[in-house]
Amino acid sequence: MDKRLLSLGLSLCIWTTARAQETFLQQGSDEYHLLERLETRSGALSDELFLSTQPVSRRDAVHFLQEEKSASYDGAASAIDVYNMNRALSISGEWVAPNGDGAADSRYSLWHTIYRKQPDFIHVNREGFFLVANPVLSFQAGFDRDKPRQFVYNSTQGVELRGHIKDWAGFYFYIANNYDEPPTYVADWIEKWGAIPGVGHFNRSGNGYQYLQIRGYVNVPLIRDHVSLSLGYDRHFIGDGIRSLFLSDFSEGAAFARINTRIWKLNYQNLYLMLKPQSRAGEPATTGHKYATAHYLSLNVTRWLNIGLFETVTFSRGDHFEFGYLNPIIFYRAVERGMGSPDKVALGFNTKAIVLKHLSLYGQLLINEFTTGELFSGKGYWANKWGIQAGAKYFDAFTISNLDLQGEVNVVRPYTYQHYSSIEGNSIANATHYNQPLAHPLGAGFAEVIGNVYYQPMPRLSINARAMYYQQGVDMNGSNNGSNIFLDYNTRPADYGVKLINGPKADCMLFSLNASYEFRPRLYIDIGGTYRKYKVENNILPGQSSLFLTAGVRLNLARKDYTQF
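The structure presented is a predicted model; accordingly, all values stated were derived computationally and were not measured.

**Points about the overall build of the protein**
- Along the protein, the regular secondary structure elements total seven helices and 25 strands.
- Taken over the C-alpha atoms alone, the protein extends approximately 70 × 55 × 50 Å along its principal axes.
- Counting every position in the protein, which comprises 565 residues, the buried fraction comes to 57%.
- Of all intrachain contacts in the protein linking residues separated by at least 6 positions in sequence, the fraction that spans at least 24 positions is 64%.
- Accessible surface, the protein: about 24100 Å² in total, of which carbon and sulfur atoms supply 61%.

**Describing the layout of surface pockets**
- In this structure, the largest pocket occupies an estimated 750 Å³ of space.
- Residue lining of the largest pocket: 30 residues in total, with Trp189, Lys192, Trp193, Gln472 and Tyr534 positioned closest to the centre.
- Of all elements in the fold, only helix 5 (184-193), strand 22 (461-473) and strand 24 (523-536) reach the threshold of two or more residues within the lining of the largest pocket.
- It is helix 5 that contributes the most residues to the lining of the largest pocket, five residues altogether.
- A breakdown of the residues in the lining of the largest pocket according to their chemical character gives 17 nonpolar, nine polar and four charged.

**Quick notes on empty space enclosed by the protein**
- One pass over the structure, following the stated rule, counts eight cavities of 30 Å³ or more.
- Taken as a whole, the second largest cavity holds about 260 Å³ of empty space.
- Glu22, Asp60, Asn260, Arg262 and Asn267 are, among the 24 residues lining the second largest cavity, the residues nearest its centre.
- Elements that contribute at least two residues to the lining of the second largest cavity include exactly helix 3 (58-71), strand 8 (208-223), strand 9 (227-234), strand 11 (254-263) and strand 12 (266-275).
- Among the elements that make up the lining of the second largest cavity, the one with the highest residue count is strand 11 (three residues).

**Thoughts on the environment of arginine 554**
- Secondary-structure assignment places arginine 554 in strand 25 (residues 544-555).
- Take arginine 554: its relative accessible area is 10%, and that puts it in the buried class.
- In sequence terms arginine 554 and isoleucine 525 are 29 residues apart; their C-alpha atoms lie 6.6 Å from each other.
- When residues no more than four places from it in sequence are discounted, the contact partners of arginine 554 are Leu137, Ser138, Ser516, Arg522, Leu523, Tyr524, Asp526 and Arg559.
- At 2.6 Å, the side chain of arginine 554 and the side chain of aspartate 526 are in polar contact.
- From its side chain, arginine 554 meets the backbone oxygen of leucine 557 in a polar contact 2.9 Å long.

**Remarks on the confidence of the model for the protein**
- Looking at the protein as a whole, the pLDDT averages 90, with 91% of positions reaching at least 70.
- In the predicted structure, residues 1-19 sits below a pLDDT of 50 and forms 39 contacts with residues beyond four places in sequence or in another chain.

**What about the pattern of salt bridges?**
- One pass over the full model with this rule turns up 25 salt bridges.
- Here arginine 243 ties to glutamate 448 by a salt bridge, and the two come within 2.6 Å at their closest N and O atoms. Within this pair, whereas arginine 243 is found in the loop between strand 10 (237-238) and strand 11, its partner glutamate 448 is found in strand 21 (residues 446-458), the two being separated by 205 residues in sequence. Here the two residues arginine 243 and glutamate 448 agree in accessibility, since each one is buried.
- The closest approach of N and O atoms between aspartate 495 and arginine 492, which form a salt bridge, is 2.8 Å.
- The class for arginine 492 is buried, based on a relative accessible area of 19%.
- Among the charged side chains, a network of salt bridges with common partners joins Glu22, Arg59, Asp60, Arg224, Asp225 and Arg262.

**Looking at unusual backbone geometry**
- Of the consecutive residues glutamine 54 and proline 55, the connecting peptide bond is found in the cis state with omega at 15 degrees.
- As for its position among the elements, proline 55 is in the loop between strand 1 (53-54) and helix 3.
- Positive phi, normally seen in glycine, also occurs at leucine 356, with a value near 60 degrees.
- Positionally, leucine 356 belongs in the loop between strand 15 (344-355) and strand 16 (359-369).

**Observations regarding the packing of helix 2 (residues 30-42) against helix 3**
- Put simply, helix 2 and helix 3 touch, their axes get as near as 11 Å, and they point 45 degrees apart. The pairing of helix 2 with helix 3 is recorded here as oblique in orientation. Every pair of crossing elements has a handedness; the one defined by helix 2 and helix 3 is left-handed. In this structure, helix 2 uses Leu34, Leu35, Leu38, Glu39 and Ser42 to contact helix 3, whose residues at the interface are Ala61, Phe64, Leu65 and Glu68.
- Tallied by class, residues from the contact of helix 2 with helix 3 come to six nonpolar, one polar and two charged.

Analysis parameters
Residues numbered from 1 in each chain as written. Predicted model: local features only at pLDDT ≥ 70, side-chain atom pairs only at ≥ 80, totals over all residues. Heavy atoms only, no water. Helix = DSSP H or I, 4+ residues; strand = E, 2+ residues; numbered from the N terminus. Buried < 20%, exposed > 50% of the residue type's maximum accessible area, 1.4 Å probe, protein only. Contact = heavy atoms within 4.5 Å. Areas by Shrake-Rupley, 256 points an atom, 1.4 Å probe, with all protein chains shown as cover. 1 Å grid on protein atoms, 1.4 Å probe; cavity = no way out; pocket = protein on both sides within 12 Å on 5 of 7 lines; lining within 4 Å. Points joined across faces, edges and corners; volume = space filled by probe spheres on them. Nonpolar A, V, L, I, M, F, W, Y, C, P; charged D, E, K, R; others polar. Polar contact = N/O pair within 3.5 Å; in protein donor to acceptor, adjacent residues only side chain to side chain. pLDDT = per-residue confidence, 0-100. Salt bridge = Lys/Arg side-chain N within 4 Å of Asp/Glu carboxyl O. Axes fitted to C-alpha atoms, helices over the stretch in contact; angles between N-to-C directions. Parallel < 35°, antiparallel > 145°, perpendicular 65-115°, else oblique. Left-handed = near helix turned anticlockwise from the far one by under 90°.

This is the structure in C-alpha cells:
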C-alpha cells in the first residue's frame, strides 16, 4: 500500500498505549453460521458481533457464545447447539479463560507438545505470549463428466499461525500451496477472464492450475474496547446474505488498513484497500495499482432491527493514495466533487431484522448512479445503475431442530460497477480486483434467485444444499450490453432502452448437495455433487450441462466452493 499510508498506520501502532488486541474468524468458518443462528434464536441483536461486517473478532464471538451458553442451561438450545458452542469456544480458547487456556485438552498428545490441545497442532501459552500453529491440508478427488480425462483432483498444503504478544498486538498468518483441477464450467470462466476466483497470481500446470495463497494481518488497539487498527492482506465481506452487492469475499484478498470503531450500539468501519487493475486474458498482468476506500456504519436501532450505511470510492493516482479519501467521516461524494475527480463512488443501504426468534430478514440497496428525472420515466436510461437484494433465513424450520433455510433474490442493473477507461485503455476505477468482481460474482445486468439448506442431524455431521437460477444479458461480438463490468461504459450502444436483461439472454440453473463429517475439530471428510445447466437464447453460444462429483478430506480450511456462478 502507499508508503505514507503504511507509515501513518505504523506510527499509530508505535504510539498507542491501549490494550486488548484482537484476532478474527477466517472467512468460511463454521462459526459464522452458528453465530447467526444463535443471535436469531435469542430474538435480540448483539451489540458486540455486528455480523454484517466480516471478519468478526474472535474475542467478541467468544463473549457472545459464553452468554448464549449460560442462557442454554434452561434447555432453550438444542444438544447440537451446545456441542457447537463448546467446539467454537475451544477453537478460540485463548479468549475463554483469563489465563488464555480455554481450549479443550486432548486425550492423546505427542511428547506433551503436539496436539496438547484438541484443535491445535502447536499451542503455546506463556506469560505475555500466545501462539497457535496448525497445518492446512486437503485432498479432493472428483468426477467431471465434461472432461476428456474425467478424473480430477485438487490439493492444498500449508500452515496458519495466530496469536498475540501481551495485550499489545494480535497477529495472523496463512500460507498455502494449491493445485486445482476445477470443473469445466469454472475452467471456462478462468480462461475467459484470466483469473481464478479468490486467487491472485497463478500458473497453468498439467491439467489444472497452481497458485500460492498468502493472507495475514496485525491488529493493535487504539482505544481499549472501542477503536482498533488492522494492517494486512485479506478478504472482507459486508452484508447479511449469501451475496453482497457492496463488498464480497469472492475475489482475491487485498492489502488493507482497517480502523474499526464501536461505541454503544454503533459499529463504524473505515477500510482502505490497494487493488490490482484488470488485464486482458492471456496478456501480461497490468502494472501499478488502484485503490478503494469504504465507510460502513452499522446501528442496532432496536433489539431486533439493524441498519447500515455504506459508501465507497475506487480510484487511481499513478501509484499513490489520494489523501483526501483518508478522511474517516466525510462523504466521499463530497470529496470527489470537491476535487473534480473522475473516481467511481457508490452508496448503499443495508438492513436486517429478527422476527419471532426464527426468522432473519435482510436486504441491500446499492446506488451506483441515477438521474432522478429518468429513474421512473420508463425509458430505460442507461445511467440508472443500481442493485437490490432481499433475503430471509429461517432457523429450526418447520420445528425441525437444526434445519436452517435461506432464500435470496439479487437484481443488478446493466452498467453498474463499470467505469470509463483510462488513457492506457484499462477501466481502472471499476469495482474489480485481479480480474474479479469485488461484489457479486455475476457482475451486472442480471436477476438471480439463490437458496441454501443447512441441516445438522447430529453433532459431527452437516448436510448442505444449494439451488440457484439466474438470467443475465450477454455481451458478445464486441458489444457492451452492460453485464461485463470490465468494459468501458462509454462503449454502450445506446443511452435509452436498456433493459434489466440487456442483450441476448442467458439462463443458468445450478443444484449442489454436500455432506461433511468432522472426525475431530476442523478435520473433515466431504462428499458431494453439483449439477449446472447454462443456455443462451437461440443457441447463440454453445450451451453447457455439467455434472461434477467430489469426495475428499480437509484439515483447518473451508470446503472448496464451485457454486458461485
